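Analysis of the macromolecular model
Listed here are the chains, written in short residue letters.
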Amino acid sequence: MGIGELDREAHVPEVTGAAAPRTLAEALRARGDEGLAALLRARPDLLNPVPNDLTQLATRAGTRGSVVRALERLDRFALQAAEALAVAPDPAPYPLLLGLLTGDEGDPGIEAALPDTVGLLREQALVWGDDDRLRLVRTARELLAPSPQHPSPTGLGPTVAEATSGMSPGRVQEIIAAAGLPTTHDPVSAVALLTGLFTDRSRMEALLDTAPPEALTVLDRLVWGPPYGEVTASPAPPVRWLRDRGLLLPVSARTMVLPREVALHLRGGRAHRTPEPYAPEIGVERDYRPQAVDAAAAGQAQLAVATAEELLKSWDRGGPPVLRAGGMAVRDLRRLAVALDVPEETAAFWLELCLGAGLLASDGEADERYAPTPAYDAWLDLPPAERWVRLVAPWLTATRTAGLVGGQDAKGRTLSVLGPDLDRAPAPEVRHRVLVLLATLPPGAAADQGTLLARLRWERPLRGAAAVAGPDEAQWPGGAPMDLRSRLARWTLAEAELLGLTGRGALSGPARALLNLPLAEAAPADGDGGGVELSVAAGRAATLLAPLLPETVDEVLLQADLTAVAPGPLRRPLADALAVLADVESKGGATVYRFTPGSVRRALDAGRSASDLHEFLRAHSRTPVPQPLSYLVDDVARRHGHLRVGAASAYVRCDDDAVLGEILADRRSAALGLRRLAPTVLAAQTDPASLLDGLRSMGYAPAAESAAGDVLVTRADTYRTGPRTAPVPVPDGPPSPDATLLGAAVRVIRAGDRAATVVRKEPAASPTAPGALPRTSAAETLATVQAAAMTGSAVWIGYVNAEGAASQRVIAPVRVEGGFVTGYDHTADEVRTYPLHRITGVAELADDQV
């Protein structure tokens with residue numbers, strides 16, 4: 001047999017006429033390469049590192065951590081099928097599993113859905129075996145089987161055999177006698193008789209017909225779980241009747257349990273009260289025209305960009321300090337919320353959004369505070385649509401969750417915005433899934449939130465099942481706290497509306513493009529994005545959004561009441577200059593700016609002269625400059641810089657000594673500690689910045705000067721952090737493998753399994769124990785590999801690498817020289833060279849393997 005033929009046999013195992021598998025490893029060995037690839041794709045944690053062979057893959061697939069991750073990704077019906085197998089005998093035939101889900105009456109929907117579900121469980125190696133012997137992997141059975149410490153979602157209790165395991169033989173005989181069964185000489189046969197009675201429908205009906213009505217009421221309270229109930233030392237007659245006949249069995253002195261067989265009879269054979277074979281439909285709350293949705297979303301997208309810019313511009317000279325434990329103080333968040341005119345939770349969202357986009361960070365100084373990053377300046381130069389994409393794309397993949405701000409961590413500490421412990425690994429998957437589910441609705445349709453959350457709970461009932469502490473104390477209608485996954489979905493819907501991904505609750509066209517979903521038709525249910533890179537999808541989204549945004553303007557309407565109205569978004573040079581010269585009074589479709597003495601002085605401090613301001617206003621006003629505004633500029637400019645403040649500790653100088661005398665006579669200057677050093681100079685006991693603020697609060701317009709006597713020009717965009725990267729999302733498990741990695745992994749596993757299971761010729765003098773490395777002398781090793789190289793046959797070797805790790809391999813030597821053997825390694829599926837001194841031994845393959 002040649003090398004190529006040996007390799008093909010290793011990759012395509014023969015399954016025709018094969019016996020039923022006895023272990024999970026044998027079941028995996030009978031799969032084709034596509035089946036193994038499907039398992040590794042569904043459970044990527046099995047790939048780290050790549051298993052050496054199928055036995056190791058099966059062992060890893062049965063570990064507790066891996067099984068828990070696999071169960072968490074099952075939908076509700078697949079989980080119900082696994083739970084039904086956990087309470088069924090092991091192994092269980094397919095008809096028994098079907099009966100546990102459909103009950104005695106049957107259900108066409110379940111009958112149609114169950115084959116695919118069992119196939120899914122087999123694909124993920126949670127179930128193995130043929131239809132006549134279905135087996136749930138042992139770890140999954142341990143996790144899902146009912147026990148007093150971990151009740152099953154089925155509400156079923158232990159079997160008769162389990163409940164009577166610690167009962168005295170005499171008591172067991174009394175129970176079967178009271179139930180009308182013949183006594184036996186051993187407890188095993190007695191338990192079998194009782195189990196047979198409880199699983200025989202006709203005999204059970206006859207037994208229950210003799211029960212008191214009160215006893216049937218007791219059974220009704222326990223039948224759907226929990227199956228345990230407390231009793232007194234002297235139970236009531238109905239309870240005694242049930243206990244004497246084994247319909248209730250004691251698990252302690254004060255606790256009775258309903259046996260599983262009895263509960264299944266009372267339920268009509270069903271393991272679950274409400275099996276859910278199909279995902280619930282998502283309801284439509286309201287329909288809109290797609291054009292109206294896109295217009296509303298575009299308006300919100302414009303507002304999102306403007307809000308982020310306003311937030312960061314307000315911190316141009318540095319933001320609030322960083323708390324010692326990380327994050328921003330509540331008072332600073334409250335102050336920002338007032339400045340943005342939004343609730344505190346919304347302000348926290350904008351902060352986290354800017355942090356995730358890399359536009360905001362801490363400066364890392366000793367007196368640490370927040371400030372814009374250099375990336376913010378590059379972001380400002382982008383067109384509005386691209387700026388929107390730069391905000392939204394990181395949000396889709398971010399694990400930081402702004403909705404947690406204000407809640408508490410596991411130790412009871414309040415979670416602060418921009419602080420630690422805000423990462424939630426499931427957040428990106430939930431955000432993407434919520435938006436994809438919105439895309440399954442017709443264009444313009446807004447989803448009903450209740451049905452959307454129900455769909456998410458059906459898809460991943462175990463994901464994020466634990467309640468999470470949050471500031472909103474969200475609860476379900478029954479009063480139970482809402483789970484993390486549902487809260488993430490609610491926050492996603494609110495944040496998507498703030499960002500303009502949705503308009504009036506419906507998904508917009510640019511959002512579909514960003515998710516790489518069809519723009520006109522409903523997206524497929526899984527909506528995996530088609531493998532297109534996010535940058536390409538972001539470009540498409542920006543292209544679609546740009547025509548929907550209003551044109552930028554470079555003119556304003558100046559009014560006589562010292563205000564200016566911007567009829568649309570301003571171009572950046574105009575917006576930056578106007579932000580210095582005036583204060584924003586109101587925002588919306590048209591932004592209103594107000595000119596005040598303080599705002600004009602701010603422009604003068606930034607290096608503008610009065611003539612510059614007049615020329616700027618004339619150049620960018622559609623109307624003549626109002627006279628009151630011209631007077632305001634001239635009046636502030638005339639007084640600006642008349643006083644000079646420098647560093648002595650601080651001093652004030654002015655050519656007009658009468659002005660300095662006026663300052664000294666003002667009682668408000670007492671806190672500044674001023675005294676006259678010369679007719680035109682006052683010295684102060686405070687620093688220059690405090691002196692400037694104090695004089696300005698008194699109504700003066702001083703200017704700061706340098707040590708050389710020059711006026712200091714203060715610009716608003718002087719402070720930036722060093723280069724910073726955006727926070728890295730916390731991974732939610734290993735990434736999904738691509739096709740190349742899957743193909744290579746399957747080849748390695750097949751080759752390793754071939755090496756581990758191939759039949760070898762064992763030396764007669766020193767037989768090798770199963771699983772041990774072959775052991776031969778150096779001379780025997782050299783002679784065997786030389787002979788294999790001449791005949792072109794494959795051999796089995798034991799090899800120890802430079803790190804001391806031992807492995808066994810099947811190689812076909814082609815050259816032996818210089819202390820090395822070169823050959824085709826079937827285990828690694830490539831040609832390799834091995835030092836002879838690292839080969840522990842060599843053995844020929846059996847005759848039927850060569």
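Residues numbered from 1 in each chain as written. Predicted model: local features only at pLDDT ≥ 70, side-chain atom pairs only at ≥ 80, totals over all residues. Heavy atoms only, no water.

1. Regarding the overall build of the protein chain
Across its full length, the protein chain carries 34 helices and 25 strands. Counting all 850 residues of the protein chain, 47% fall into the buried class. The contacts in the protein chain between residues at least 6 apart in sequence include a share of 65% that link residues at least 24 apart. For the protein chain, the accessible area works out to roughly 39,900 Å², and carbon and sulfur atoms hold 54% of it. (Helix = DSSP H or I, 4+ residues; strand = E, 2+ residues; numbered from the N terminus. Buried < 20%, exposed > 50% of the residue type's maximum accessible area, 1.4 Å probe, protein only. Contact = heavy atoms within 4.5 Å. Areas by Shrake-Rupley, 256 points an atom, 1.4 Å probe, with all protein chains shown as cover.)

2. Notes on the side chain of Arg 512
Within the element layout of this structure, Arg 512 appears in helix H25 (residues 509-514). Of the side chains with opposite charge, Asp 294 comes closest to the buried, unpaired Arg 512, at an N-O distance of 7.3 Å. From its side chain, Arg 512 meets the backbone oxygen of Ala 439 in a polar contact 3.4 Å long. (Lys, Arg positive; Asp, Glu negative; His and termini not counted. Salt bridge = Lys/Arg side-chain N within 4 Å of Asp/Glu carboxyl O. Polar contact = N/O pair within 3.5 Å; in protein donor to acceptor, adjacent residues only side chain to side chain.)

3. Notes on the side chain of His 265
Mapped onto the fold, His 265 is located in helix H16 (residues 260-266). Since its relative accessible area comes to 8%, His 265 is described here as buried. Look past the residues within four positions of His 265 in its chain and what remains in contact with it is Phe 198, Arg 201, Met 204, Glu 205 and Leu 208.

4. Observations regarding the pairing of strand S21 (residues 795-800)
Here S21 lies mainly inside the structure; five of its six residues are buried. Of the pairings in the sheet, the one linking S21 to strand S22 (residues 806-817) comprises six bridges and is antiparallel in character. Within S22, the position partnered with Ile 797 by the bridge is Arg 809. The hairpin formed by S21 and S22 contains five residues between the paired strands, and Gly 804 there has a positive phi angle of roughly 90°. Sheet topology places S21 next to strand S25 (residues 839-844); five bridges connect them, and they run antiparallel. Its bridge partner lying in S25, Gly 798 is registered against Gly 841. (Pairing = 2+ DSSP bridges.)

5. Overview of the pattern of salt bridges
A side chain with one charge can pair with a side chain of the opposite charge if their charged atoms come near. Across all of its chains, the model carries 36 salt bridges by this definition. Here Asp 409 makes a salt bridge to Arg 413, at a shortest N to O gap of 2.9 Å. Since its relative accessible area comes to 47%, Arg 413 is described here as partly exposed. One salt bridge connects Glu 585 with Arg 594, and the closest N-O pair in it is separated by 2.4 Å. Since its relative accessible area comes to 44%, Glu 585 is described here as partly exposed. Judged by its relative accessible area of 27%, Arg 594 falls in the partly exposed class. Residues joined in a network through salt bridges with shared partners are Asp 90, Arg 135 and Arg 141.

6. A few points about helix H15 (residues 237-244)
Those residues of H15 that sit buried are Pro 238, Val 239, Trp 241 and Leu 242. End-on view of H15: buried residues confined to an arc of 155°, all on one side of the axis. Contact partners of the buried residues in H15: helix H13 (201-209) and helix H14 (213-222). Gly 246 sits one or two residues past H15 and shows a positive phi near 80°. (Arc of directions from axis to C-beta.)

7. Examining the nonpolar core
Ranked by size, the top nonpolar core spans 89 residues in total, and within it Leu 40, Leu 57, Leu 114, Leu 194, Phe 198 and Leu 247 carry the most contacts. The dominant element in this core, judged by the number of residues it contributes, is helix H6 (residues 76-86), at eight residues. Other than its neighbours up to four places away in sequence, Leu 114 contacts Phe 77, Ala 81, Tyr 94, Leu 97, Leu 98 and Leu 101. By size, the runner-up hydrophobic cluster in this structure holds 76 residues, among which are Ile 282, Ala 301, Val 392 and Leu 545. (Core = buried A, V, L, I, M, F, W, Y, C linked by side-chain atoms within 4.5 Å.)

8. Overview of the environment of Thr 721
Looking at the element boundaries, Thr 721 is found in the loop between strand S20 (703-704) and helix H33 (739-757). Looking at Thr 721, the relative accessible area reads 5%, which means it is buried. Each C-alpha atom of the pair Thr 721 and Glu 365 lies 9.2 Å from the other, and the pair is 356 residues apart in sequence. Excluding residues within four positions of it along the chain, Thr 721 makes contact with Ala 361, Ser 362, Asp 363, Ala 371, Pro 372, Thr 373 and Pro 374.

9. Thoughts on the confidence of the model for the protein chain
Taken as a whole, the protein chain shows an average pLDDT of 85; of its residues, 90% reach a score of 70 or greater. pLDDT under 50 marks residues 764-768. Its contacts with residues more than four places away, or in other chains, come to six contacts. (pLDDT = per-residue confidence, 0-100.)

10. Re the sheet that holds strand S16 (residues 644-646)
Ordered in space as S18-S19-S17-S16-S20, the five strands form an open sheet in which the pairing is mixed. The strands lining the two open edges of the sheet, one partner per strand, are strand S18 (675-678) and S20. Here strand S17 (residues 650-653) pairs with strand S19 (residues 681-684) via four bridges, running antiparallel. Within S19, the position partnered with Val 652 by the bridge is Leu 682. Each of S17, S18 and S19 touches helix H31 (residues 657-665); the most contacted strand, S18, lies at about 160° to it. (Axes fitted to C-alpha atoms, helices over the stretch in contact; angles between N-to-C directions.)

11. Some remarks on the sheet that holds strand S3 (residues 228-230)
The strand order across the open sheet built from three strands is S3-S5-S4, with neighbouring strands paired in antiparallel fashion. The open sheet has two edge strands with one neighbour each: S3 and strand S4 (249-250). Pairing analysis gives two bridges linking S4 to strand S5 (residues 255-257), with the strands arranged antiparallel. Bridging across to S5, Leu 249 finds its partner in Val 257.

12. Focus on the environment of Leu 359
Tracing the chain through its elements places Leu 359 in the loop between helix H19 (344-356) and strand S7 (360-362). Judged by its relative accessible area of 3%, Leu 359 falls in the buried class. Along the backbone, Leu 359 and Trp 379 are 20 residues apart, and their C-alpha atoms lie at a distance of 8.0 Å. Not counting chain neighbours up to four residues away, the residues in contact with Leu 359 comprise Leu 312, Cys 354, Ala 371, Pro 372, Thr 373, Ala 375, Tyr 376, Trp 379 and Leu 391.

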